[in-house]
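# Observations on chain architecture
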Amino acid sequence: KVCLLGDFGVGKTSLVARYVRNTFSDSYLTTVGVKVDSKEVPLADGAVRKLVIWDIAGKSGLDALNMSYLRGASGLLLVADGTREATLRSAVDLLLQSRSLLPDAHAILLINKLDLVDRWEVAPATLVELRKSMTVIETSARQGDGVEQAFREMATRLHA
Ligand code: GDP
Ligand code: MG
């Protein structure tokens, strides 16, 4: 079980759609509650792991309901929008909050909207700093960059 967490509009639903169905839409449909998808991931050693992916409605803080959705997760994909620096702080806050419930979950930070890199507010130096403490993958749900890699990295870690 892998949960996506991050502010409204960072691209959580779009990343899942790109990964599971290889589709993208510009229209913004707010996720209500939670949506669950799954995909089998063939790994380098020939094993296959099934990722059950929970797309949780965006919120800066984790309320009791969203905390309950996290229960039993072994992986967390924290998602930020590179064009909005504040969403990066939210992602880090969400990680800290979820750590109380999931101290051992594998966490990967995704900085999405790489196709809009000209408009990114997240400075390269910030990324260098973050990479000292966690895995950071730059993604574009629109174009697909980094998306397969991000989920594969998670599946590989859960398998290890
Ligand atoms: P969520 O609230 O985190 O689930 O965000 P959504 O997946 O609903 O995406 C919010 C908006 O950002 C939508 O209009 C998407 O089309 C757009 N979006 C998502 N990912 C990308 C991306 O990688 N690049 C660009 N340019 N837009 C994106
Ligand atoms: Mg959504």
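Residues numbered from 1 in each chain as written. Chains lettered and ligands numbered in written order. Predicted model: local features only at pLDDT ≥ 70, side-chain atom pairs only at ≥ 80, totals over all residues. Heavy atoms only, no water.

## Some thoughts on the packing of helix α1 (residues 12-21) against helix α5 (residues 147-159)
Working note: a packed helix pair is described by the angle between its axes plus the distance between those axes. Where α1 contacts α5, the two axes come as close as 9 Å, and the packing angle between them is 85 degrees. In terms of orientation, α1 lies roughly perpendicular with respect to α5. Contacts from L15, R18 and Y19 of α1 reach α5 at V147, E148 and F151. (Axes fitted to C-alpha atoms, helices over the stretch in contact; angles between N-to-C directions. Helix = DSSP H or I, 4+ residues; strand = E, 2+ residues; numbered from the N terminus. Parallel < 35°, antiparallel > 145°, perpendicular 65-115°, else oblique. Contact = heavy atoms within 4.5 Å.)

## Brief notes about the site of ligand 1
The environment of ligand 1 is formed by 19 residues, the closest being G9, K12, S14, S25 and D115. In the environment of ligand 1, an oxygen atom lies 2.8 Å from a nitrogen or oxygen atom belonging to the backbone of G9. The contact in question runs from an oxygen atom of ligand 1 to an N or O atom on the backbone of D26, over 2.9 Å. Among the elements that line the shell around ligand 1, the one with the most residues is α1, at 3 residues. Tallied by class, the residues present in the shell around ligand 1 amount to 6 nonpolar, 7 polar and 6 charged. (Near = heavy atom within 4 Å. Polar contact = N/O pair within 3.5 Å; in protein donor to acceptor, adjacent residues only side chain to side chain. Nonpolar A, V, L, I, M, F, W, Y, C, P; charged D, E, K, R; others polar.)

## Description of the sheet that holds strand β6 (residues 135-138)
Strand order in the open sheet formed by 6 strands is β2-β3-β1-β4-β5-β6, with mixed pairing between adjacent strands. Either end of the sheet is taken by a strand with one partner, and the two such strands are β2 (34-42) and β6. Strand-to-strand, the axes of this sheet are offset by a mean angle of 25 degrees, without reference to chain direction. Two elements, strand β1 (residues 2-5) and strand β3 (residues 48-56), share 3 bridges in a ladder whose sense is parallel. Among the inter-strand pairings, C3 is bridged to a residue of β3, identified as W54. Helix α3 (residues 85-101) contacts β1, β4 (75-81) and β5 (106-112) of the sheet and is inclined by roughly 160 degrees relative to β4. Here helix α4 (residues 124-131) sits on the sheet and contacts β5 and β6; the angle it forms with β6, its principal contact strand, is near 140 degrees. (Pairing = 2+ DSSP bridges.)

## Details of the pattern of salt bridges
Going through the model one piece at a time under the given rule, you end up with 10 salt bridges. For E153, the salt bridge goes to R157, with nearest N and O atoms at 3.2 Å. One end of the pair, E153, and the other, R157, are both in helix α5, 4 residues apart, so they sit about a helical turn from each other. By relative accessible area, E153 is classed as partly exposed at 30%. Here the residues in one salt-bridge network are R21, K35 and D37, joined through shared partners. (Salt bridge = Lys/Arg side-chain N within 4 Å of Asp/Glu carboxyl O. Buried < 20%, exposed > 50% of the residue type's maximum accessible area, 1.4 Å probe, protein only.)

## Re the side chain of R18
Considering the arrangement of structural elements, one finds R18 in helix α1. The buried charged residue R18 lacks any salt bridge, with D145 as its nearest oppositely charged partner at 7.8 Å. Engagement of the side chain of R18 in a polar contact is seen with the side chain of N22, the distance being 2.8 Å. When residues no more than four places from it in sequence are discounted, the contact partners of R18 are T23, F24, A141, R142, Q143, G144 and V147. (Lys, Arg positive; Asp, Glu negative; His and termini not counted.)

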